[in-house]
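# Structural overview
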Amino acid sequence: MAKTLFEKVWDAHTVRTLANGQTQLLIGTHLIHEVTSPQAFGMMRDLGLKVAMPHRTFATVDHIVPTDQVSEPYADPLADAMIKELRRSCKEFGITFFDRSTGKQGIVHIVGPEQGITQPGTTIACGDSHTSTHGAFGAIAFGIGTTQIRDVLATQTMALGRLKVRRIEVNGKLRPGVYAKDVILHIIATLGVNGGTGYAYEYAGEVFDRFSMEERMTVCNMSIEGGARAGYVNPDETTFSYLKGRPYSPKGAAWDSAVARWKAVASDPGCTYDDVVKINAADIAPTVTWGINPGQGVPITGTIPDPLKASSADERSSIEEALAYMKLKPGAPIKGTKIDVAFLGSCTNGRLSDFQEVARFLKGRKVAAGVKAIAVPGSQGVGLICAELGIDKVFRDAGFEWRSAGCSMCLAMNPDKLVGDQLCASSSNRNFKGRQGSPTGRTILMSPIMVAAAAVTGSVADAREVFGVSAN
Amino acid sequence: MALDKITRVSGRAVCVPGNDIDTDRIIPARFMKCVTFDGLGEFLFYDVRKNADGSDKPHPLNEPRFKGASILLSGMNFGCGSSREHAPQALQKHGFRAVIAEGFAEIFLGNSTTLGMPCVTASREDIARIAAAVEKDPTLAVVIDLVAKTVSFAGQSAPIAVRESARDALVNGRWDPIGELIEGASDASAIATKLQYMSA
């Protein structure tokens, strides 16, 4: 019988059915970081448990690392305690730790793919909701809580209910100046922030066939913002050529048999989906958010919604709440909204191609007076290649601060924070109230190129106009 | 270790209205710089409860009449956003024993269940009725019955829905699955040896 990738991977990793009807699912690859794991290690110690398969857990440090300080101790004693705690736990339990001294550290969702740890047909869990990123490789990847981290450490399994699968097909051609980030912001604005509850999203269609791995990762990354626990793209030649030669990728004869397995794991023609949504690529515009959740987005040419024109009382109150927080005027164009900070980085858009693409346009430009602009490579590896290619210099010359790898201002558990009600043009994934470190700080989500356009003009701008991107 | 069979939760309730209340709002990220969950309760909903100088903002959880409430009422998609278990931990450490909302985000619901904190859904109208009754008399006992799948309050009753796997785990005292998972660990390693990527 024809099966989806999700079903094949789920079935191959099913250990048994638990008493409450959930599945005990084998987790092939476990990724951990400093914020959500310490309590799990604490529970392991309290219960006297050993890590079942230490060679299948990989650690790095990303959320709390200062991006402007490498030497320890960190200025923030709490952050310093957290990195030391992770180092201690990895040593005690025999877990590979991509520490800052290894040159392989970075945001966990950038490090896994970069090292070739993230592979098709595997199950992946990590105590971070953006674990869905790894689905770009045709893995089924789940964000989990700390108690589940304990479960995976202790047994390499966890309890989970099977998800339904929704195929989201994007066909046709994206218009110039429209990027992967716009695709996912458009999908979330279309299906809603809770539209994916109970589903894994299978992204497919001509646009995804053409996308690079990094673009696929950007989309899969934000599946959770649409309420979907996981999101994936079927593996293809793009996937295999990305993985070939990476440190943890199979080598020699093992490579060939792995590729054969990976090809076979893709969804079968004629398989059944619980739901199918079709989107026309030409309908997607450069998209920016205006509100306080990632579904509150409009095309850059659009206007800020008017609560008086809302279609329901619910929508009206959510627009009112968002606009009161964002200090934006109903009916006004979103374009031209003054910004204070531009942030380029995060597990959504902190990869090499993000910086490469922006550098093409940023050359010879200057960040507008009064705008603080920071660029944060997602991993030490990304930072290194950017330095080799002179990309860091393009950013510095333009007036960006070029930092070392970490989550930085995406969630501001480190010194990179908004101050007061600053408004940030951000390539990250969440615009929740207070998300970027100030209880009154404001976030507008957008693609990297749109962040650059906002940085050089000092306000939310249409990158196609600013950088002269045209259909030709 | 034997876990409590959670068949009913009874207590006073408080309503924190709104849809899409995210985990950053429930517990802002800066309070996650910790290596234990202890002490998270005081930072619950911090940025919507407190001004920059630490003084109180108007918020239901700051009102003395709702002090001691153990059942939280809210809207749609409660707990969306991050996978941080710090969110249900903060609720539990603050004294909450259950949440009644119109809907829950997936990861939050799973995390809460594993802590033995039921997340049950009810219709908007019924949640509004409970909230109105509690507003009138904050000392009112609200009783969630996971067996009968009802919530009762002030002589009234309303149906609730609970994900069946969660309800089963709670009422049968197996909401923390670690024991069962350990029982299956040898089966798991047998499967792992057959998966090439796990043995390499």
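Just so it is clear, the model here is predicted, and its values are computed rather than measured.

The rules behind each value
- Residues numbered from 1 in each chain as written.
- Chains lettered and ligands numbered in written order.
- Predicted model: local features only at pLDDT ≥ 70, side-chain atom pairs only at ≥ 80, totals over all residues.
- Helix = DSSP H or I, 4+ residues; strand = E, 2+ residues; numbered from the N terminus.
- Buried ≥ 20, exposed ≤ 12 C-beta atoms within 10 Å, placed from the backbone.
- Contact = placed C-beta atoms within 7 Å.
- Nonpolar A, V, L, I, M, F, W, Y, C, P; charged D, E, K, R; others polar.
- Axes fitted to C-alpha atoms, helices over the stretch in contact; angles between N-to-C directions.
- Parallel < 35°, antiparallel > 145°, perpendicular 65-115°, else oblique.
- Left-handed = near helix turned anticlockwise from the far one by under 90°.
- Pairing = 2+ DSSP bridges.
- Core = buried A, V, L, I, M, F, W, Y, C linked by C-beta atoms within 7 Å.
- Domains from an automatic or database assignment.
- Right-handed = clockwise from strand over helix to strand, strands pointing away.
- Expected span 1.5 Å × (residues − 1).
- Arc of directions from axis to C-beta.

Across its full length, chain B holds nine helices and eight strands. Taken along the three principal axes of its C-alpha coordinates, chain B extends 60 × 45 × 30 Å. Within chain B, the fraction of its 200 residues that count as buried is 49%.

Our next topic: the interface of chain A and chain B. At the junction of the two partners, chain A supplies 62 residues and chain B supplies 51 residues. At the level of secondary structure, the elements contributing two or more residues to the side of chain A that touches chain B comprise strand E1 (14–17), strand E2 (23–26), helix H2 (38–47), helix H3 (77–93), helix H5 (146–155), strand E8 (157–160) and helix H11 (313–326) of chain A. Of the residues assigned to the side of chain A that touches chain B, the class counts are 23 nonpolar, 29 polar and 10 charged.

This paragraph deals with unusual backbone geometry. The amide bond that connects A:Glu72 to the next residue, A:Pro73, takes the cis arrangement and shows omega of 0°. Inspection of the secondary structure puts A:Pro73 in the loop between strand E4 (57–60) and H3. Its identity is not glycine, yet A:Ser408 carries a phi of approximately 50°, on the positive side. By the secondary structure assignment, A:Ser408 is in the loop between strand E17 (401–402) and strand E18 (423–426). According to the C-beta neighbour criterion, A:Ser408 is buried, with 33 such atoms within 10 Å. For B:Asn77, which is not glycine, the phi dihedral falls at a positive 55°.

All right, on to the packing of helix H13 (residues 352–362) of chain A against helix H15 (residues 391–398) of chain A then. Residue and element names in this part refer to chain A. Two numbers describe how H13 lies on H15: the axes approach to 9 Å, and their chain directions differ by 50°. On the basis of their axis angle, the class for H13 and H15 is oblique. The two elements H13 and H15 meet at a crossing, and its hand is left-handed. Judged by residue contacts, Phe-355, Gln-356, Ala-359 and Leu-362 of H13 engage Ile-391, Val-394, Phe-395 and Ala-398 from H15. Grouping the amino acids of the contact of H13 with H15 by side-chain chemistry returns seven nonpolar, one polar and no charged.

Before going further, it helps to examine the sheet that holds strand E3 (residues 71–73) of chain B. Residue and element names in this part refer to chain B. The parallel open sheet is built from four strands, whose spatial order is E2-E3-E4-E5. Of all the strands in the sheet, the pair left with one neighbour each is strand E2 (13–15) and strand E5 (119–121). Pairwise comparison of adjacent strand axes, ignoring direction, gives a mean angle of 20° for this sheet. As defined by bridge partners, E2 adjoins E3 across three bridges and the pair is classed as parallel. Residue pairing across strands places Cys-15 opposite Leu-73, the latter belonging to E3.

Moving on, we get to the pairing of strand E19 (residues 442–445) of chain A. Residue and element names in this part refer to chain A. Residues Arg-442 and Ile-444 point to one face of E19 and Thr-443 and Leu-445 to the other, with burial holding for every one of them. Bridge count between E18 and E19: four bridges; the pairing is parallel. Among the inter-strand pairings, Ala-425 is bridged to a residue of E19, identified as Ile-444.

All names here are of chain A. Taking strand neighbours across the sheet as the criterion, the three strands line up as E1-E2-E8 in an open arrangement whose pairing is antiparallel. On the outer flanks of this sheet lie E1 and E8, each paired with one strand and no other. Within the sheet, the average angular offset between the axes of one strand and its neighbour, ignoring direction, is 25°. Of the strand pairs in this sheet, E1 and E2 are connected by three bridges, and their pairing is antiparallel. Bridge pairing links Arg-16 to Gln-24 in E2.

Right, let's get into the nonpolar core. Membership of the largest hydrophobic core comes to 212 residues, with the highest contact counts inside it found for A:Ala342 and B:Ile100. Two domains each put at least three residues into this core: domain 1 (5–265) and domain 2 (287–466) of chain A.

Moving on: the domain arrangement of chain A. Residue and element names in this part refer to chain A. Domain assignment breaks chain A into domain 1 (5–265) and domain 2 (287–466). Contacts between the two partners involve 39 residues from domain 1 and, on the opposite side, 35 residues from domain 2. In terms of residue count, the dominant contributor to the side of domain 1 that touches domain 2 is helix H6 (residues 180–191) (six residues). Classifying every residue of the side of domain 1 that touches domain 2 by side-chain character gives 17 nonpolar, 14 polar and eight charged.

This part takes up the pairing of strand E4 (residues 98–101) of chain B. Residues and elements named next belong to chain B. Of the two faces of E4, both are covered, the one formed by Ala-98 and Ile-100 as well as the one formed by Val-99 and Ala-101. As defined by bridge partners, E3 adjoins E4 across three bridges and the pair is classed as parallel. Bridged to Leu-72 within E4 is Val-99. A crossover connection joins E3 to the parallel E4 through helix H3 (residues 86–94); in handedness this β-α-β unit is right-handed. Note that E4 and E5 share three bridges and pair parallel. Bridge assignment links Val-99 to a residue of E5, and that residue is Cys-119. Taking the sense of rotation as the criterion, the β-α-β connection linking E4, helix H4 (residues 106–114) and E5 turns out right-handed.

So, about the packing of H13(A) against helix H16 (residues 448–457) of chain A. Residues and elements named next belong to chain A. Across the interface, H13 lies against H16 with an axial gap of 9 Å and an inter-helix angle of 35°. Remark: the crossing between H13 and H16 carries right-handed chirality. Residues Asp-354, Glu-357, Val-358, Phe-361 and Leu-362 of H13 lie in contact with H16, whose contacting residues are Pro-448, Ile-449 and Ala-452. A breakdown of the residues in the contact of H13 with H16 according to their chemical character gives six nonpolar, no polar and two charged.

Residues and elements named next belong to chain A. Taking 1.5 Å per residue, 17 residues should reach 24 Å; H3 reaches 24 Å between its end C-alpha atoms and fits that length. Within the sequence span of H3, burial applies to Ala-79, Met-82, Leu-86, Ser-89 and Cys-90. Looking straight down H3, one finds that the buried residues subtend no more than 100° of arc, so they occupy a single side. Facing away from the buried surface of H3 by more than 90 degrees, the exposed residues are Pro-77, Arg-88, Lys-91 and Glu-92. Looking at the buried positions of H3, the neighbouring elements they touch are H2, E4 and strand E5 (96–98). Gly-94 lies just past H3 and shows a positive phi near 75°.

The subject of this paragraph is the environment of A:Gln422. Residue and element names in this part refer to chain A. Tracing the sequence through the fold places Gln-422 in the loop between E17 and E18. Take Gln-422: there are 18 C-beta atoms within 10 Å of it, and that puts it in the partly exposed class. Measuring from C-alpha to C-alpha, the distance between Gln-422 and Gly-336 comes to 15 Å, with 86 residues separating the pair along the chain. Setting aside residues up to four positions removed in sequence, Gln-422 forms contacts with Asp-340, Val-341, Ser-438 and Gly-441.

A few words on H3(B). All names here are of chain B. Across the nine residues of H3, seven count as buried, placing the element largely inside the fold. Turning to H3, its buried residues are His-86, Ala-87, Pro-88, Gln-89, Ala-90, Leu-91 and Gln-92. Buried residues along H3 sit in contact with helix H1 (23–26), E3 and H4. Gly-95 lies just past H3 and shows a positive phi near 120°.

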